[in-house]
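Coordinates in review
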Amino acid sequence: MNSTNDLKCRLLKRSEVSKATTLCKTSIYELMKTGDFPKPINIGGRRVAWLQSDIETWITDRLALAGRAA
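This write-up is about the structure you can find in this document.

If you trace the 3 strands from one edge of the open sheet to the other, you get β1-β3-β2, paired in antiparallel fashion. Since the sheet does not close on itself, it has two edges, and those belong to β1 (11-12) and β2 (41-44), each with one partner. Sheet topology places β2 next to strand β3 (residues 47-51); 3 bridges connect them, and they run antiparallel. Bridged to Ile-41 within β3 is Ala-49. Strands in contact with helix α4 (residues 52-65) are β1 and β3; relative to β3, the strand with the most contacts, it is inclined by about 55 degrees.

Right, dumping it as structure tokens:
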């Protein structure tokens, strides 16, 4: 696996997702309920994480909807 793939497979904690998207915890989970935000994966027990690539795609999609290029 090369370093580009390694970065795309990186798991992000909720706090990192909040920082990247500027969304609070409540907003993230409300958007997930409506299918408008990527769902996390269970990484053990009650811990979850998001794929960095899923969050980057979500951000890119929001920029496209706003008429801005990434």
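Moving on, we come to the nonpolar core. Leu-12, Val-17, Leu-23, Ile-28, Met-32, Phe-37, Trp-50, Ile-55 and Trp-58 form the largest nonpolar core, which has 9 residues in total. Elements with a contribution of two residues or more to this core: α3 (25-33) and α4. If near-sequence neighbours (up to four positions away) are discounted, Trp-58 is found in contact with Thr-21, Leu-23, Leu-31, Asp-36, Phe-37 and Pro-38.

This part takes up the side chain of Thr-21. When you line up the elements, Thr-21 lands in helix α2 (residues 14-21). Among the polar contacts listed, one links the side chain of Thr-21 to the backbone oxygen of Val-17, at a separation of 2.8 Å. In contact with Thr-21, other than residues within four places in its own chain, are Phe-37, Ile-55, Trp-58 and Ile-59.

Below, the discussion takes up the packing of α2 against α3. Packing of α2 against α3 brings their axes to within 10 Å, and their N-to-C directions diverge by 90 degrees. Here α3 runs roughly perpendicular to α2, going by the angle between their axes. Counting all contacts with α2, which are made through Arg-14, Val-17 and Ser-18, the residues of α3 involved are Lys-25, Ile-28 and Tyr-29. A per-class count over the contact of α2 with α3 returns 3 nonpolar, 1 polar and 2 charged.

Of note in the backbone geometry, Thr-22 takes a positive phi value of approximately 65 degrees without being a glycine. Note on placement: Thr-22 falls in the loop between α2 and α3.

What counts, and where the lines are drawn
Residues numbered from 1 in each chain as written. Predicted model: local features only at pLDDT ≥ 70, side-chain atom pairs only at ≥ 80, totals over all residues. Heavy atoms only, no water. Pairing = 2+ DSSP bridges. Helix = DSSP H or I, 4+ residues; strand = E, 2+ residues; numbered from the N terminus. Contact = heavy atoms within 4.5 Å. Axes fitted to C-alpha atoms, helices over the stretch in contact; angles between N-to-C directions. Core = buried A, V, L, I, M, F, W, Y, C linked by side-chain atoms within 4.5 Å. Buried < 20%, exposed > 50% of the residue type's maximum accessible area, 1.4 Å probe, protein only. Polar contact = N/O pair within 3.5 Å; in protein donor to acceptor, adjacent residues only side chain to side chain. Parallel < 35°, antiparallel > 145°, perpendicular 65-115°, else oblique. Nonpolar A, V, L, I, M, F, W, Y, C, P; charged D, E, K, R; others polar.

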